[in-house]
Every structure is written in C-alpha cells, then in structure tokens.
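Each chain, written out:
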Amino acid sequence: MAEQSAMASGTAAPFVGRKGMYKAFAASLTGTALEFYDFAVYSAAAAIVFPLIFFPAQDPLTGTLLAFSTYAVGYISRPVGGIIFGRLGDEIGRKKILVITLMLIGVATFLIGLLPTYGSIGIAAPAILVFLRFAQGVGVGGEWGGAVLLSSEFGDPNRRGFWASAAQIGPPAGNLMANGALAVLTLALTEEQFLDFGWRIAFLISALLVAFGLWIRLKLEDTPIFQSMEARGDKPKAPIREVLATQRRPLIAAMLSRIGPDVTYALCTVFTLTYGIQQLGFDRGQVLVAVLIGSALQLFTMPLAGAISDRINRRLVYAIAAVAAAVWAYLFFIVLEGRSPVMLIVGTVLGLLCHSFMYGPQAAFVVEQFTPRLRSTGSSLAYTFAGIIGGAIAPFMFTLLLSTFHSWVPVAIYLSVACLLTLVGLALGRDSNVAEDEEYLRGSAGPSTSMELTETMAR
C-alpha cells in the first residue's frame, strides 16, 4: 500500500516496513559473515595445507609468495576495494555494489577450492592463489561500507546502532562457521584425506552463503536514502575528491575510532593463541575453546551494544568500552599467569565483551560522521585504511614487542595506546544527526509512506 502511494505521487524511494528492515539486516549479516568465514578458512589452510600443496619448501620463490599471500595481499587489496566500491556506492547505489562484492568474494573463494596444486601446474598454482586472495581482499574492502549502509539506511535512523550492527556480527559468525566446518571435516576425515580433498570442501561450501546472500540482496530495492539522492539529483560526481576536500575531520575521526577495537580483537583472538600456547603452556584446544565461547557470545553482545548506544550517547558507550579494554589488557595478562583454563575463558570473554561494546556501535558511529550523499565513500575509506594501521600490523607488533622485551607489559601498553587513539577519534567525531536522514526520507515518501515512516520510528 505504501509503495503504491509513493509511486502514485511520483516519488522514487518508498520507506520500507519491518519486513524490509529484517531482510536488509540479514543481507548485511550474510555478506560480512562470508567475508570472515573466508578469512578464517584461508588462514587455517595457509597454516596447515598450503605450504605442502602450493608452496613446497624446496622452492624459495614460492615461500616468498606464501608470506605475501597470507599476510600482505589481504590487507593491501582492501583499500583498493574501498576506493573503487565505496565511490561506486555513492554513484550507482548501495545494492549494486553489494551484489558485485559478494559475487567477487564468493567466486574467488570457490575457485581456490578448485585450484590445482603446485605438483600439477607448477609455479602457476601459488601465483593464481595470490591473485584470488587479492580479489577476495578487493571484494572485502567494498563489502563493509555497503553492508553497513544497507542495514542502517533501511532501518530507523533513531535505532541506527542496532540496525548497523548487522555487519558487525559478521566476524564472530564467520569465525564460528569456519571453525565449525573445519572441526567437522577434521573429525570426519583422516589427515591424508583432509590434505587431499577435505580442505577444498571448506572453500566450496562458501557457495551456499553466496547463494543465500544473493537471494536476499537481489530481492531488495536500493536503500531509501540512495533512491532519494537519485530522485533529487544529489549524487556526487567525484565522491573521493569531495570527501578529502570537505570531510577530512570526519574521515580522521572514523579512522581513529577503529584502531582500538581492531587491536583489541587481534589480541583476544590471534595473539592469545600464540601467547597462551607458547608462553603459558595451554593446550591449543583450551585456547580455541576460550576464543570460540567469546565469539559465540558476541553474536548477542554486539547487537545489544548497538541497541544500548541508541538509548545512551553512542560516543559515551564507545569511550567507556575503550577505557575498559585498555584496563582489561593488564588484568588479563596478570590473571593468565595463574595458568588456569577457567580464568583463560573468563579473561577472553571479558576482552571480547569490551570489543563488542566498541565494535557493536562502531558501524553506526562511522556512518554518522559523513553526510548521506558521501557515506559510502567516506565509510569505506575509513574502514579499509584504518584496518592497515590497526588490525593488520597488531599481531606482528605484539610478537615483536614480546620477543624484544620478554614481557607482556609492552603488549598491554600497545593496546592502551590504540584505545587512546580511539578516544581521540571519538572526541573529534560528532553525534548522530537523524535530521539528515529524515530530510531525505520525507522528500522521498508519499503521504501514506510518510505516515508509515512516522509510525515505524515511533515504535
């Protein structure tokens, strides 16, 4: 009914009801879950399988390619995707780029599962693997900004923290699915079978996620905000140039806000594995259980944190969590000295809880820094470039500091500095300006659509 009224009045972007909101939430979650599923599966395969079948030790060149593909390519290519698809999101629409990026990530992952080994095609095998990993990273770089806008711009702008958290649930959801798939394959197959064909199954089943994500995304219209921009002729012609010229402070604020959460997550889920096993003598299974329990709880704590940030000042919730994470680092390492598996779980869960209350509201905070017509470009640039100076180098820096000083204290200080930078970003940022969204939504809605908008926001 609302759509018909809007069309009759000659408008272009009817406001969607709750069904559309939930579809957008699912579409956003699916893409980011696939992204982190691929990341976790690739990381596991790179450690266990790829050195044997793609990068034989006797060939120094392929050893170099292994290091490049595992660490550098996935991060170097993300800003490329952010620049390309972030700009296109403001020019051609959020939905179109999300279909493209999902296909790019999914096809690259599927092809890795079919890739012949070094023994079959020689040096071409690792070279193609690096190329496919690059393609994954480009897709990932464009996915996050579009996914956040898809769920947040379909949702009530007064509850942006909750709706935008859909994209943030992707990391724990993807990690859980990846570890679950690998655990099932490990239990069902012998080691020889896993190395022969089992690892490929983990990559090939990503096609199911892609199919589900495409099914949802293709059913959606573009977001009401973008449709209104299109109807008003308000799309930017050179969005990157415009962001750099007019949105420098928002860009810096958004980038800095991401560093603390990224470094906290790296400490909880990556460095804890190394430190717990090599330095404290925990079994690999004990550390993995702690990380998996914390990740499972994040499926609930992240949207909860987003919802709380809608009712309380978002920057305040974010800032309290950043301070808590900085303090937690010291307490965590002190508690771990007791070498108790129970305290390992408690400490990891508390660390990921601090991360949830930063990462859950983060998507809404980043989006709110930019005007609606530049949101896709600004959010994508902030996400991808902050990832390089935050999460990309954090595990390396943790390991370097520990090996240099033989103490966990510099590691905790590093996290504290990262959280301090996040606090600076929050101070530079601005609070939510719902009026910007409401102006676009009112301008795109007919009479009965405007009434539906008012009733939905009131609920």
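Refer to the structure above for everything that follows.
In this report, we go over the structure that sits alongside the text. The residue numbers shown here count from 1 along each chain, following its written sequence. For a predicted model such as this one, the threshold for reporting local features is a pLDDT of at least 70, and the threshold for listing and counting side-chain atom pairs is 80 or more; totals across whole chains, interfaces and linings nevertheless cover every residue. The basis for every side-chain value is the complete set of heavy atoms in the structure, and neither hydrogens nor water enter the calculation.

This paragraph deals with the nonpolar core. Each nonpolar core is a collection of buried residues, namely Ala, Val, Leu, Ile, Met, Phe, Trp, Tyr and Cys, held together in the definition by side-chain atoms within 4.5 Å. Working definition: with a 1.4 Å probe on protein chains only, accessible area under 20% of the residue-type maximum means buried, over 50% means exposed, and in between means partly exposed. With 45 residues, the main nonpolar core has Val 263, Leu 267, Phe 271, Tyr 275, Trp 328, Phe 333 and Phe 398 as its most contacted residues. In DSSP terms, a helix is any run of H or I states spanning at least four residues, a strand is any run of E spanning at least two, and both are numbered starting from the N terminus. Within the residue set of this core, elements represented by two or more residues are helix 14 (248-279), helix 15 (284-311), helix 16 (314-336), helix 17 (341-368), helix 19 (394-405) and helix 20 (409-428). Looking at which element gives the most residues to this core, the answer is helix 16, with 12 residues. Contacts: residue pairs with any heavy atoms within 4.5 Å of one another. If we ignore the near neighbours within four places in the chain, the residues touching Trp 328 are Leu 267, Cys 268, Gly 347, Leu 350, Gly 351, Cys 354 and Leu 415. By size, the runner-up hydrophobic cluster in this structure holds 35 residues, among which are Phe 50, Leu 102, Ile 105 and Leu 129.

With that out of the way, let us pick up the side chain of Gln 362. Take Gln 362: it is sitting in helix 17. Filtering out sequence-adjacent residues up to four positions away, Gln 362 remains in contact with Trp 144, Gln 168, Ser 257, Arg 258, Pro 261 and Tyr 318.

The subject of this paragraph is the side chain of Asn 175. Summarising the element assignment, Asn 175 is placed in helix 9 (residues 170-188). For Asn 175, the residues in contact, after removing those within four places along its chain, are Phe 36, Ala 40 and Tyr 265.

Right, let's get into the packing of aromatic side chains. Only the six-membered ring of Trp is used, alongside the rings of Phe and Tyr, when aromatic pairs are assigned; centres must lie within 6.5 Å, and planes under 30 degrees apart are stacked while those over 60 apart are edge-to-face, with the rest tilted. For the structure shown, the criterion picks out 21 aromatic pairs. Plain terms: the ring middles of Phe 212 and Trp 215 are 6.1 Å apart, the flat faces sit at 35° to each other, and that makes the pair tilted. Residue Phe 212 and its partner Trp 215 are both found in helix 11 (residues 206-219); the two are separated by three residues, about one turn of the helix. Among the residues examined, Phe 212 registers a relative accessible area of 41% and is labelled partly exposed. Residue classification places Trp 215 among the exposed residues on the basis of a relative accessible area of 52%. For the ring pair Phe 271 and Phe 398, a centre distance of 5.3 Å and an interplane angle of 55° mean the geometry is tilted.

It is worth spelling out the packing of helix 16 against helix 17 at this point. Axes are the key here: two packed helices are described by the angle between their axes and the distance separating the axes. Lines are fitted to the C-alpha atoms to define the axes, a helix being fitted only along its stretch in contact, and any angle between axes, read from their N-to-C directions, falls within 0 to 180 degrees. At their nearest, the axes of helix 16 and helix 17 sit 9 Å apart, and the two run at 155° to each other. On the basis of their axis angle, the class for helix 16 and helix 17 is roughly antiparallel. Relative to helix 17, the crossing made by helix 16 is left-handed. Side-chain classes are defined by residue name, with Ala, Val, Leu, Ile, Met, Phe, Trp, Tyr, Cys and Pro counting as nonpolar, Asp, Glu, Lys and Arg as charged, and the others, Gly among them, as polar. Here the residues of the contact of helix 16 with helix 17 are counted per class, giving 19 nonpolar, four polar and three charged. By the definition adopted for this analysis, an angle is roughly parallel if under 35 degrees, roughly antiparallel if over 145, roughly perpendicular if from 65 to 115, and oblique otherwise. The sense of a crossing depends on the near helix, which, turned anticlockwise from the far helix by less than a right angle, makes the crossing left-handed and, turned clockwise, makes it right-handed.

So, about the pattern of salt bridges. Salt bridge, as used here: a side-chain nitrogen of Lys or Arg that lies within 4 Å of a carboxyl oxygen of Asp or Glu. According to the stated counting rule, one finds 16 salt bridges in the structure shown. Between Asp 437 and Arg 160 there is a salt bridge whose closest N-O contact spans 2.6 Å. Here Arg 160 lies in helix 8 (residues 160-168) and Asp 437 lies in helix 21 (residues 434-444), a separation of 277 residues in the sequence. Both residues of the pair, Asp 437 and Arg 160, count as buried. Asp 262 is the partner of Arg 258 in a salt bridge, and the nearest nitrogen-oxygen pair spans 2.9 Å. Linking Arg 258 with Asp 262, this pair stays in helix 14, spanning four residues, or about one helical turn. Across this residue pair, the class does not change: Arg 258 and Asp 262 are buried. Here the residues in one salt-bridge network are Asp 90, Arg 94, Glu 153, Arg 160, Asp 310, Arg 314, Glu 368, Arg 375 and Asp 437, joined through shared partners.

Positionally, Ile 112 belongs in helix 5 (residues 94-114). Along the sequence, Ile 112 and Leu 204 sit 92 residues apart, while their C-alpha atoms lie 8.2 Å from each other. Residues contacting Ile 112, with those up to four places away along its chain left out, are Tyr 42, Phe 50, Leu 129, Leu 132, Gln 136, Trp 199, Arg 200 and Phe 203.

Attention now moves to helix 15. Three- or four-residue spacings in an α-helix give side chains the same orientation, since the helix completes a turn every 3.6 residues. The first and last C-alpha atoms of helix 15 sit 40 Å apart over 28 residues, in line with the 40 Å expected at 1.5 Å per residue. A residue's bend is given by the angle between axes fitted to the 7 residues ending at it and the 7 residues starting at it. In helix 15, a bend of some 40° at Gln 298 exceeds every other bend along the element. Listed in full, the buried residues belonging to helix 15 are Val 287, Ala 290, Val 291, Gly 294, Ser 295, Gln 298, Thr 301, Met 302, Pro 303, Ala 305, Gly 306 and Ser 309. Looking at the buried residues of helix 15, the elements they touch are helix 8, helix 9, helix 14, helix 16 and helix 17. By definition here, a helix of n residues has an expected span of 1.5 Å times n minus one.

Time to look at the environment of Leu 204. When you line up the elements, Leu 204 lands in helix 10 (residues 191-204). The class for Leu 204 is partly exposed, based on a relative accessible area of 25%. For the pair Leu 204 and Phe 110, spaced 94 residues apart in the sequence, the C-alpha separation amounts to 5.0 Å. With residues near it in sequence (within four places) discarded, Leu 204 still touches Phe 110, Gly 113 and Leu 114.

What follows is about helix 14. With 32 residues, helix 14 extends 43 Å between its outermost C-alpha atoms, agreeing within 8% with the 46 Å of an ideal straight helix rising 1.5 Å per residue. Along its length, helix 14 reaches its greatest deviation from straightness, about 50°, at Phe 271. Phi for Gly 281, located one or two positions after helix 14, is positive at around 80°.

One non-glycine residue, Arg 339, lies in positive phi territory at about 55°. With respect to the element layout, Arg 339 can be found in the loop between helix 16 and helix 17. The exposure class assigned to Arg 339 is partly exposed, which follows from its relative accessible area of 42%. The backbone of His 406 sits at a positive phi, close to 55°, despite the residue not being glycine. In this structure, His 406 sits in the loop between helix 19 and helix 20.

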